[in-house]
Amino acid sequence: MSATPWLTILMLVPLVGALIVAFVPGSVENAKRIALGVSVLTLVIGIAAAATYDRSSSAQFQLGEQHPWIPQFGVSYALGVDGIALVLILMALVLTPVCLLAAWHDVPVEAGPRGTQRVKTYFALLLVLETFMVGVFAATDVFLFYVFFEAMLIPVYFLIGRFGGPRRQYAAMKFLLFSLAGGLIMLVAVIALYFQGPGGTEGFLIQRLTGLSMDPTTERLLFVGFFLAFAVKAPMVPFHTWLPDAATESTPATATLLVGVLDKVGTFGMIRFCLQLFPNASHWATPVVVALAVLSVIYGALLAIGQTDMMRLVSYTSVSHFGFIVLGIFAFTNVGQGGSTLYMVNHGFSTAALFLFAAMLIRRRGSKRIPDFGGWQRITPALAGIFLVAGLSALSLPGLSSFVSEFLVLVGSWSTQPVGTVIATAGIILAALYVLLMYKRVATGPRPEGLVSAREHARLDEPGRHGLTPVRDLTSREKLVAAPLIAAFLVLGFVPNLALNVINPAVDRTLSYVQHAIPNLNTTGTVAEGSSK
């Protein structure tokens with residue numbers, strides 16, 4: 001166990017910060033600064049905690065702590081991270097201050113104390129969400145994981161339903177119903193799993209539930225209970241329909257955390273619980289799961305191509321990307337699963353950039369409709385430039401981070417799932433189409449009528465300015481939002497081993513559980529003769 005309760009601290013700091021932001025008297029600007037400062041402090045603590053992580057350790061979880069919570073029911077307050085959970089937590093800690101900075105003007109300040117409190121509540125809910133994001137990746141007790149899994153719904157529901165767009169209540173309710181349905185199915189599976197295990201006061205610990213000898217039918221039913229919840233969260237076709245509505249009606253910061261971080265809980269859960277706790281059932285379900293993954297890749301990309309709403313288009317790209325992630329997970333190879341985990345991280349940054357940079361364009365144009373744009377590289381060249389970089393990352397251009405992870409997924413999946421890999425490769429071509437077509441319609445072509453850059457407007461004389469509206473390019477705050485995202489593209493694109501060296505030992509350990517249950521499965525990328533496929 002860790003001498004310093006790093007993970008508890010990482011949850012308490014933003015939670016305390018949320019209370020301060022929400023209830024301590026002060027101006028809106030001070031509340032925003034406090035929220036941003038708390039998120040930066042949490043990131044610093046997270047980096048300090050990561051510095052103590054030992055990649056050579058033989059233990060599955062590090063930075064651990066464990067205390068009895070409800071011993072009568074076998075529930076413990078147990079936290080710990082492996083390399084997979086660690087990189088996902090760090091991604092969440094980086095994206096939170098970026099989103100808070102981007103959200104500076106998301107909620108208009110209305111007159112009176114109620115208007116002030118509304119803005120404070122928005123920033124406080126974002127910090128509460130950060131607490132739950134850390135908890136869900138760090139929980140090593142299955143019941144505690146379920147608590148965090150469901151608790152995340154509360155701040156997201158209010159962030160969408162209270163601060164979103166015109167159809168926010170519909171989107172929030174749809175998100176809630178889909179998530180609750182999946183969660184309730186998983187709850188039944190969680191309770192049933194406990195009775196399959198050794199029980200006792202620590203009966204829900206992952207270590208005690210790993211390697212159980214179960215009846216094949218029981219194991220398969222439990223796998224389905226967990227997998228359905230994770231497939232909804234991921235989201236995979238056909239459980240994806242809540243995502244476009246939720247992301248489109250959310251504020252950009254909420255959409256970024258929802259798609260960039262929270263949806264990773266689904267794919268993370270597949271690795272942590274489905275593969276580790278139900279290895280035989282995971283292998284049994286692989287043909288169906290891979291078929292759904294490939295369907296998600298192609299269907300999500302095709303839907304993205306046909307969108308006229310910019311935020312909705314970005315949402316559908318994520319459906320396609322999650323298909324690649326699931327394909328790599330269920331390839332049962334070290335390379336494929338390592339690529340999938342790195343894909344989760346890289347997708348978080350690329351999706352954040354697309355949502356946040358698109359929101360900057362939308363705020364200036366006053367419309368989400370792609371046909372309402374055109375020629376914006378002529379009036380906001382810097383903003384159009386970073387929007388293009390974000391799109392190139394999403395289509396996995398070599399040299400940017402997503403290329404490495406997508407390449408690893410396809411290489412790692414080829415040996416065990418050749419047909420699915422070939423079909424999924426078409427998603428690369430479709431990604432180029434939906435990204436480049438969107439950029440062409442938004443940024444290229446003649447300059448929009450009545451709009452000029454702020455610099456050009458300043459150079460014109462008074463008669464020349466008549467009928468023209470100046471549009472400012474990137475502000476200093478927006479440059480601060482863009483800098484860490486662009487840096488992540490380049491660093492993880494050229495030096496992916498910074499993450500892979502942490503991820504790979506955890507991947508090897510997870511696949512060792514599968515290989516122990518299925519001895520004929522060769523996780524290096526081949527299936528030995530006589531094994532089932």
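Think of each chain on its own: its residues are numbered from 1, step by step along the sequence as written. Local features in this predicted model are restricted to residues of pLDDT 70 or higher, and side-chain atom pairs are both shown and tallied only at a pLDDT of 80 or more, whereas totals for entire chains, interfaces and linings draw on every residue. Values reported for side chains reflect all heavy atoms of the structure, with hydrogen atoms and water molecules removed beforehand.

*Asks:* Explain the overall build of the protein chain to me, and be specific about the residues and the numbers.
*Replies:* Each helix and strand in the protein chain was counted, giving 21 helices and 6 strands. For the protein chain, whose C-alpha radius of gyration is 23 Å, the value lies close to the compact-globule estimate of 24 Å for 533 residues. Each residue's exposure class comes from its accessible area (1.4 Å probe, protein chains only) as a fraction of the maximum for that residue type: buried when under 20%, exposed when over 50%, partly exposed otherwise. For the protein chain, buried positions account for 61% of its 533 residues. Considering only residue pairs separated by 6 or more positions, the protein chain has 79% of its internal contacts joining residues 24 or more positions apart. Note on areas: Shrake-Rupley, 1.4 Å probe, and residue coverage restricted to the protein chains presented here. Carbon and sulfur atoms form 65% of the exposed surface of the protein chain, whose accessible area is close to 19,900 Å². Only DSSP runs of H or I reaching four residues or more are called helices, and only runs of E reaching two or more are called strands; each is numbered from the N terminus. The size measure is the radius of gyration over C-alpha atoms, and the globule rule it meets is 2.2 Å times the number of residues to the 0.38 power. Contacts are residue-level and defined by heavy atoms, with any inter-residue pair within 4.5 Å sufficient.

*Asks:* An account of the pattern of salt bridges is requested, with residue identities and associated values reported.
*Replies:* Salt bridges are counted wherever a side-chain nitrogen of Lys or Arg sits within 4 Å of a carboxyl oxygen of Asp or Glu. Counting across every chain of the model gives 9 salt bridges. Between K32 and E29 there is a salt bridge, with the nearest N and O atoms lying 3.5 Å from each other. One end of the pair, K32, and the other, E29, are both in helix α2 (residues 28-51), 3 residues apart, so they sit about a helical turn from each other. Under the relative-accessibility criterion, K32 is labelled buried at 2%. Of the charged contacts, one joins D245 and R312 as a salt bridge, the two residues approaching to 3.4 Å between their closest N and O atoms. Within this pair, whereas D245 is found in helix α10 (residues 242-249), its partner R312 is found in helix α14 (residues 310-329), the two being separated by 67 residues in sequence. Relative accessible area serves as the criterion here: at 5%, D245 is assigned to the buried category. One salt-bridge network, held together by shared partners, links R167, K174, D245 and R312.

*Asks:* Give a description of the packing of helix α1 (residues 6-23) against α2 that names residues and reports values.
*Replies:* Here an axis means a line fitted to C-alpha atoms, over the contact stretch when the element is a helix, while the angle between two N-to-C directions is reported on a 0 to 180 degree scale. It is at 9 Å that the axes of α1 and α2 come closest, and there the two elements cross at 175 degrees. With respect to α2, the axis of α1 lies roughly antiparallel. Contact with α1, carried on its side by W6, I9, L10, V13, P14, G17, I20 and V21, involves A31, I34, A35, V38, L41, T42, I45, G46, A48 and A49 of α2 and no other residues of that element. Polarity classes work like this: nonpolar for Ala, Val, Leu, Ile, Met, Phe, Trp, Tyr, Cys and Pro, charged for Asp, Glu, Lys and Arg, and polar for all others, with Gly in that last group. Among the residues forming the contact of α1 with α2, the class breakdown is 15 nonpolar, 3 polar and no charged. Throughout, the term roughly parallel applies to angles under 35 degrees, roughly antiparallel to angles over 145, roughly perpendicular to angles from 65 to 115, and oblique to all others.

*Asks:* How would you sum up the environment of R168? Please name residues and give values.
*Replies:* With respect to the helices and strands, the residue R168 is situated in helix α7 (residues 168-196). Contacts of R168, omitting those with residues within four sequence positions, involve I160, G161, R162, F163 and E249.

*Asks:* I'd like to hear about the side chain of D309, residue by residue, with values.
*Replies:* If you trace the backbone, D309 turns up in the loop between α13 (279-305) and α14. Pairs of N or O atoms within 3.5 Å make up the polar contacts considered here, provided that, within protein, one atom can donate a hydrogen while the other can accept it, and that residues adjacent in sequence are counted only when both atoms are side-chain atoms. Here R312 takes part through its backbone nitrogen, which lies 3.0 Å from a polar atom of the side chain of D309.

*Asks:* How would you summarise α13 if you had to cite specific residues and measurements?
*Replies:* With 27 residues, α13 ought to run about 39 Å at 1.5 Å a step, and its terminal C-alpha atoms sit 37 Å apart, in line with that. Bend is the name given here to the angle between axes fitted to two runs of seven residues, the run ending at a residue and the run starting at it. The largest bend in α13 is about 55 degrees, located at T286, with the proline P287 one to four residues further on. Expected span, for any helix, means 1.5 Å times one less than how many residues it has.

*Asks:* Talk me through the pairing of strand β1 (residues 62-70); I want residue IDs and the actual numbers.
*Replies:* At least two bridges found by DSSP between two strands are what make those strands a pair. As defined by bridge partners, β1 adjoins strand β2 (residues 75-81) across 6 bridges and the pair is classed as antiparallel. Opposite E65, over in β2, you have L79 as the bridge partner. Joining the antiparallel neighbours β1 and β2 is a turn of 4 residues, in which G74 adopts a positive phi near 80 degrees.

*Asks:* Please set out the side chain of R272 residue by residue, giving values where relevant.
*Replies:* Counting through the fold element by element, R272 comes out in helix α12 (residues 264-277). Classification of R272 by relative accessible area gives buried; the value is 1%. Side chain to side chain, R272 and D82 meet in a polar contact 2.8 Å long. For R272, the residues in contact, after removing those within four places along its chain, are Q60, F61, D82, A85 and I206.

*Asks:* Can you break down the nonpolar core residue by residue, with the values?
*Replies:* Within the largest apolar cluster, 197 residues are counted, with the highest numbers of intra-cluster contacts made by F145, F226, F330, F357 and F387. The residues contacting F145, other than those within four sequence positions of it, are V136, A139, M186, F230, V265, F268 and F273. Only buried residues count toward a nonpolar core, which is a set of Ala, Val, Leu, Ile, Met, Phe, Trp, Tyr and Cys residues joined through side-chain atoms within 4.5 Å.

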